[in-house]
Amino acid sequence: MGKLLIVLFSPPMQVQTTDTVFEFAKAAVEEGHEVTVFCDKDAVYNLVASQVLPNQRTPASKIVELIGRGVHVLACRESARLRGVDTKKMLIPGVVESSLGKLAELMDESDRVVAFGP
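What this report covers is the structure whose coordinates are included nearby. All values reported here derive from a predicted model rather than from experimental measurement. (Residues numbered from 1 in each chain as written. Predicted model: local features only at pLDDT ≥ 70, side-chain atom pairs only at ≥ 80, totals over all residues. Heavy atoms only, no water.)

Description of the side chain of Asp-40
For the record, the criterion: Strands here mean DSSP runs of E at least two residues long; helices mean DSSP runs of H or I at least four residues long; both are numbered from the N terminus. Relative accessible area decides the class of each residue, using a 1.4 Å probe on protein chains only: under 20% of the type maximum gives buried, over 50% gives exposed, and in between gives partly exposed. Two residue types count as positive, namely Lys and Arg, and two as negative, namely Asp and Glu; His and chain ends fall outside the count. In the sections that follow, a salt bridge refers to a side-chain nitrogen of Lys or Arg positioned within 4 Å of a carboxyl oxygen of Asp or Glu. Two residues form a contact once any of their heavy atoms are found within 4.5 Å.
For Asp-40, the position within the fold is in the loop between β2 (34-39) and α2 (59-68). Within the buried core, Asp-40 has no salt-bridge partner, and the shortest N-O distance to an opposite charge, that of Arg-83, equals 6.2 Å. When near neighbours in sequence (up to four residues on either side) are disregarded, Asp-40 contacts Leu-8, Phe-9, Cys-76, Ser-79 and Leu-100.

A word on the pairing of strand β1 (residues 3-8)
Successive residues of a regular strand alternate their side chains across the two faces of the sheet. Applicable threshold: Here the rule is simple: two strands pair whenever DSSP picks up at least two bridges between them. Here, the term right-handed applies to a crossover whose path from the first strand over the helix to the second runs clockwise when the strands point away from the viewer.
Extensive coverage of β1 is indicated by the burial of five of its six residues. Strand direction decides the pairing type here: β1 and β2, joined by six bridges, are parallel. Pairing of Leu-4 across the sheet is with Val-35, part of β2. Handedness of the crossover is the feature at issue here: the chain leaves β1, passes through helix α1 (residues 15-30), returns alongside β2, and the resulting connection is right-handed. As paired elements, β1 and strand β5 (residues 112-116) share five bridges and run parallel to each other. When the bridges of β5 are listed, Leu-8 appears paired with Phe-116.

What to know about the sheet that holds β5
Basically, it comes down to this: Working convention: axes come from line fits to C-alpha atoms, limited for helices to the stretch in contact. Angles between N-to-C directions cover 0 to 180 degrees.
In space, the five strands of this open sheet follow the order β4-β3-β2-β1-β5, with parallel pairing throughout. Looking at strand neighbours, the two that pair on one side only are β4 (96-98) and β5, the edges of this open sheet. The sheet shows a mean angle of 25° between the axes of neighbouring strands, direction not considered. Each of β1, β2 and β5 is contacted by α1, which is oriented at about 170° to β1, the strand it contacts most.

Details of the pairing of strand β3 (residues 72-76)
Of all five residues in β3, four are buried; the element is thus mostly enclosed. Handedness of the β3-helix α3 (residues 77-82)-β4 crossover: right-handed.

Quick notes on the nonpolar core
One broad trend across soluble globular proteins is that nonpolar side chains are buried collectively. Inclusion rule: Each nonpolar core is a collection of buried residues, namely Ala, Val, Leu, Ile, Met, Phe, Trp, Tyr and Cys, held together in the definition by side-chain atoms within 4.5 Å.
Core analysis: the biggest nonpolar cluster contains 27 residues, and Ile-6, Val-35, Val-37, Leu-47, Ile-63, Val-71 and Val-95 have the highest contact counts within it. Of all the secondary-structure elements, those providing two or more residues to this core are β1, α1, β2, α2 and β3. Per-element accounting of this core gives the leading share, five residues, to α1. Excluding anything up to four places from it in sequence, Ile-6 contacts Val-21, Phe-24, Ala-25, Val-35, Thr-36, Val-37, Phe-38, Val-114 and Phe-116.

Brief notes about the packing of α1 against α2
To keep things clear, this is the line we draw: Relative orientations are named as follows: roughly parallel for angles under 35 degrees, roughly antiparallel for angles over 145 degrees, roughly perpendicular for angles from 65 to 115 degrees, and oblique for any other angle. Three residue categories are used. Nonpolar comprises Ala, Val, Leu, Ile, Met, Phe, Trp, Tyr, Cys and Pro, charged comprises Asp, Glu, Lys and Arg, and polar comprises the others, including Gly.
Put simply, α1 and α2 touch, their axes get as near as 10 Å, and they point 10° apart. With respect to each other, α1 and α2 are oriented roughly parallel. In this structure, α1 contributes Thr-18, Asp-19, Phe-22, Ala-25 and Lys-26 to the contact, and α2 contributes Pro-59, Lys-62, Glu-65 and Leu-66. Its residues assigned to classes, the contact of α1 with α2 comprises four nonpolar, one polar and four charged.

Given below as structure tokens:
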């Protein structure tokens, strides 16, 4: 199929936006698309492993599910640093540290780019 890039800017507290990204990415993977979710700004808080709670559908738990479905999930290194999120120790396993330079490359390589957030 095609390559889809989803850029997320919203923090976990904006549940409607993070839920929309989760459902959109899940549906795209099920249709056979290669999906990448790039978390920038406050969206890096969605990727903190300590927010994965047993038996709760937190945004972080949904990210774990997306990774299990083959979605590539990237965290902006600089956004994480500015927010005190240590990308080496605090991220969900499978999340890859990235950069705005890589985001520019992904935008160029993707068939579609969709952004969510404030």
